[in-house]
Amino acid sequence: MGTRIIDPQALVFDHAAQFFTISDHQFAELVHGWSKKGLVRQWQGIIGELEVGGQFVPLPSSPQKYIGVNGMRPLADSILSETSMVNMVRPCWISKLEPFNGMWYLSENRKPHGQFDALVIAHNGKCANQLLASSGLPLIARQMKKLELSSIWALLAAFEDPLPIPATTGPFEGAFVKGVDSISWMANNTKKLSHSPKTGPHCWTFFSTSAFGKRNKVPQENIPAAKAEKVKEAMLEGIENALGLPKSSLKRPFYTRLQLWGAALPTNSPGIPCIFDPYGRAGICGDWLLGSSLEAAALSGMALASHIADYFQSGGASPDEFAVGLHNEFQPIRGHDIGQFPGIDSKKHILGAEFIQT
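Residues numbered from 1 in each chain as written. Predicted model: local features only at pLDDT ≥ 70, side-chain atom pairs only at ≥ 80, totals over all residues. Heavy atoms only, no water.

### Description of the overall build of the protein
- When helices and strands are tallied, the protein shows 8 helices and 19 strands.
- For the protein, the C-alpha radius of gyration of 22 Å lies close to 21 Å, the compact-globule estimate for 358 residues.
- Taken along the three principal axes of its C-alpha coordinates, the protein extends 70 × 50 × 40 Å.
- Taken over 358 residues, the protein has a buried fraction of 47%.
- By sequence separation, contacts in the protein at least 24 residues apart represent 70% of the contacts at least 6 residues apart.
- Just so you have it, the protein exposes about 18200 Å², and 53% of that area is on carbon and sulfur atoms.
- Between the mean site of the 32 positive side-chain charges and the mean site of the 31 negative ones, the protein shows a separation of 5 Å. (Helix = DSSP H or I, 4+ residues; strand = E, 2+ residues; numbered from the N terminus. Rg over C-alpha atoms; globule rule 2.2 N^0.38 Å. Buried < 20%, exposed > 50% of the residue type's maximum accessible area, 1.4 Å probe, protein only. Contact = heavy atoms within 4.5 Å. Areas by Shrake-Rupley, 256 points an atom, 1.4 Å probe, with all protein chains shown as cover. Lys, Arg positive; Asp, Glu negative; His and termini not counted. Charge placed at Lys NZ, Arg CZ, Asp CG, Glu CD.)

### Let's talk about the state of the cysteines
- Throughout the structure, instances matching the rule amount to 0 disulfides.
- Just so you know, Cys 285 is unpaired, no disulfide at all, and the nearest cysteine sulfur is the one on Cys 274, 8.2 Å from it.
- Since its relative accessible area comes to 12%, Cys 285 is described here as buried. (Disulfide = S-S within 2.5 Å.)

### Let's talk about the packing of aromatic side chains
- Applying the stated criterion to the full structure yields 20 aromatic pairs.
- By the ring-pair criterion, three or more aromatic residues cluster together here, those being Phe 19, Trp 43, Phe 176, Trp 185 and Phe 341.
- Across the ring face of Trp 43, the terminal group of Lys 192 is positioned such that the distance to the ring centre comes to 5.1 Å. (Phe/Tyr/Trp six-rings, centres within 6.5 Å; stacked < 30°, edge-to-face > 60°. Lys NZ or Arg CZ within 6 Å of the ring centre and 35° of its normal.)

### Some words on the nonpolar core
- Core analysis: the biggest nonpolar cluster contains 26 residues, and Leu 50, Met 186 and Phe 206 have the highest contact counts within it.
- The set of elements that each furnish at least two residues to this core consists of strand S11 (152-159), strand S12 (174-178), strand S14 (202-207) and helix H7 (225-243).
- Broken down by element, the residue count for this core peaks at 6 residues, all from H7.
- Dropping the residues within four chain positions of it, Leu 50 is found in contact with Gln 55, Phe 56, Thr 169, Phe 172, Ala 175, Phe 176, Val 177, Lys 178, Met 186, Ala 242 and Leu 243.
- Counting residues in hydrophobic clusters, the runner-up holds 21 residues, among them Leu 97, Trp 104, Ile 121 and Ile 140. (Core = buried A, V, L, I, M, F, W, Y, C linked by side-chain atoms within 4.5 Å.)

### Brief notes about unusual backbone geometry
- Note that the residue after Asp 7, namely Pro 8, is joined by a cis bond; omega there is 5°.
- One can find Pro 8 in the loop between strand S1 (3-6) and strand S2 (11-14).
- Omega for the peptide link from Arg 90 to Pro 91 comes to -10°, which places this bond in the cis form.
- Note that Pro 91 resides in the loop between helix H2 (72-81) and strand S7 (96-100).
- Within the chain, Ser 248 stands out as a residue other than glycine whose phi angle is a positive 65°.

### Focus on the environment of Ala 128
- In this fold, Ala 128 is placed in helix H3 (residues 126-133).
- Given a relative accessible area of 3%, Ala 128 falls into the buried group.
- Along the chain, Ala 128 and Lys 145 lie 17 residues apart, while their C-alpha atoms are 9.1 Å from each other.

### Quick notes on the pattern of salt bridges
- Scanning the model with the defined rule gives 7 salt bridges in all.
- With a shortest N-O distance of 3.7 Å, Glu 98 and Lys 96 are connected by a salt bridge.
- Owing to a relative accessible area of 35%, Glu 98 belongs among the partly exposed residues under this scheme.
- The closest approach of N and O atoms between Lys 232 and Glu 229, which form a salt bridge, is 3.7 Å. Separated by 3 residues within a single helix, Lys 232 and Glu 229 lie in helix H7, roughly one turn from each other. (Salt bridge = Lys/Arg side-chain N within 4 Å of Asp/Glu carboxyl O.)

### Re the confidence of the model for the protein
- Looking at the protein as a whole, its pLDDT mean stands at 90, while 95% of the residues score no less than 70.
- In this model residues 346-358 is a low-confidence stretch, pLDDT under 50, and it forms 28 contacts with partners more than four residues away in sequence or in other chains. (pLDDT = per-residue confidence, 0-100.)

### Concerning the pairing of strand S8 (residues 103-108)
- Taken across its 6 residues, S8 has 5 buried, putting it largely inside the fold.
- Where S7 lies against S8, 5 bridges are found, and the strand directions are antiparallel. Each bridged residue has a counterpart across the sheet, and for Phe 100 the counterpart in S8 is Met 103.
- Counted along the chain from S7 to the antiparallel partner S8, the turn is 2 residues long, and its residue Asn 101 has a positive phi close to 50°.
- Bridging between S8 and strand S9 (residues 111-116) involves 4 bridges; their strand directions are antiparallel. (Pairing = 2+ DSSP bridges.)

### Side note on helix H1 (residues 25-36)
- With 12 residues, H1 should cover 16 Å at 1.5 Å per step; its first-to-last C-alpha distance of 17 Å lies within 8% of that length.
- The complete set of buried residues in H1 reads Phe 27, Ala 28, Val 31, Trp 34 and Ser 35. Down the axis, H1 shows its buried residues gathered within 115° of arc, on one side only. Facing away from the buried side of H1 by over 90 degrees, the exposed positions are Glu 29 and Lys 36.
- As for H1, its buried residues are in contact with strand S3 (40-42), strand S6 (66-68), H2 and helix H8 (294-313).
- Structurally, the start of H1 carries an N-cap: the backbone nitrogen of Gln 26 is 2.8 Å from a side-chain oxygen of Asp 24. (Expected span 1.5 Å × (residues − 1). Arc of directions from axis to C-beta. Polar contact = N/O pair within 3.5 Å; in protein donor to acceptor, adjacent residues only side chain to side chain.)

### A closer look at the sheet that holds strand S17 (residues 275-277)
- The sheet built from 3 strands is open, its strands ordered S10-S18-S17 with mixed pairing. Lying at the two open borders of the sheet, with one neighbouring strand each, are strand S10 (119-121) and S17. Strand-to-strand, the axes of this sheet are offset by a mean angle of 15°, without reference to chain direction.
- Sheet topology note: the S17/strand S18 (residues 282-284) ladder contains 3 bridges and is antiparallel. Residue pairing for S18: Asp 277 is matched across the bridge by Ala 282.
- Helix H4 (residues 138-146) rests against S10, S17 and S18 of the sheet, and its axis sits at about 10° to S18.
- Each of S10, S17 and S18 touches H8; the most contacted strand, S17, lies at about 25° to it. (Axes fitted to C-alpha atoms, helices over the stretch in contact; angles between N-to-C directions.)

Structure (structure tokens):
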């Protein structure tokens, strides 16, 4: 979950998770608590599918769509600030995991960062694979290496005037774009996050397709200027194509920021809530274990926390009973290029939605 604020213009962009839906009772209860605290609300704006050329079809109002009240990042920060059991250390990049005498010793470039009874990895991609390579956790490392990830470009753009959406298309705040190679999603952050009509800058988030991201992938830590310009122009042209506008008719945004999510979203999954190795006292959680959604991430984290608690409560007498997910095969994930949204991806009834009050 990421929200970027650009001062002094006070431009606001959700540049990672765009919204979420609910299909699980346990997650519904969690979101209900967030709603009561004023952290989330229903996204009442029109969301739909936009075909190349400007043909827009609104999605049904059900399932309900939720967003962070002030963006998705403040939701994450608020959750962290409400717990007294988590000590967040930033900046910190653990570079070595060492098991010794029944404990895990963590360090960052030889600087000790404490010893712990159990290890939780809520990360993936090449950095996690490198960290696990010499950890003495071969089963967990093997499962992690099976994960395949997409690449997606994100373009944040602020325009002086509203986008020239054709009258035949109709106003919308978010759209899954179909038939355009360089754009898979577009959302109007200004309307989405504003509580009252605003006449100032119009801030939009655009995501590429995963196919476009793969073809144009470069080291995200050092994006060549020529590649960044090429991608930006391709995405701006894609916006015109999606809206059915003449080429080069779109007014240039006065602010842009381009970001490559090199390890964006999982394309395969073992379909289990968590992975745990009782002999190594180490586990993995993350959305990719169940799919690719905010709900999947929350359910995975809660599942692993409960599993580890049960393991230690048992005294570790029968460790084999607590081995989970160490041999599961991975299957392809279906969904949108920017993730899964339970209830939008399928026609299944959305359980628990009735619990949410805003």
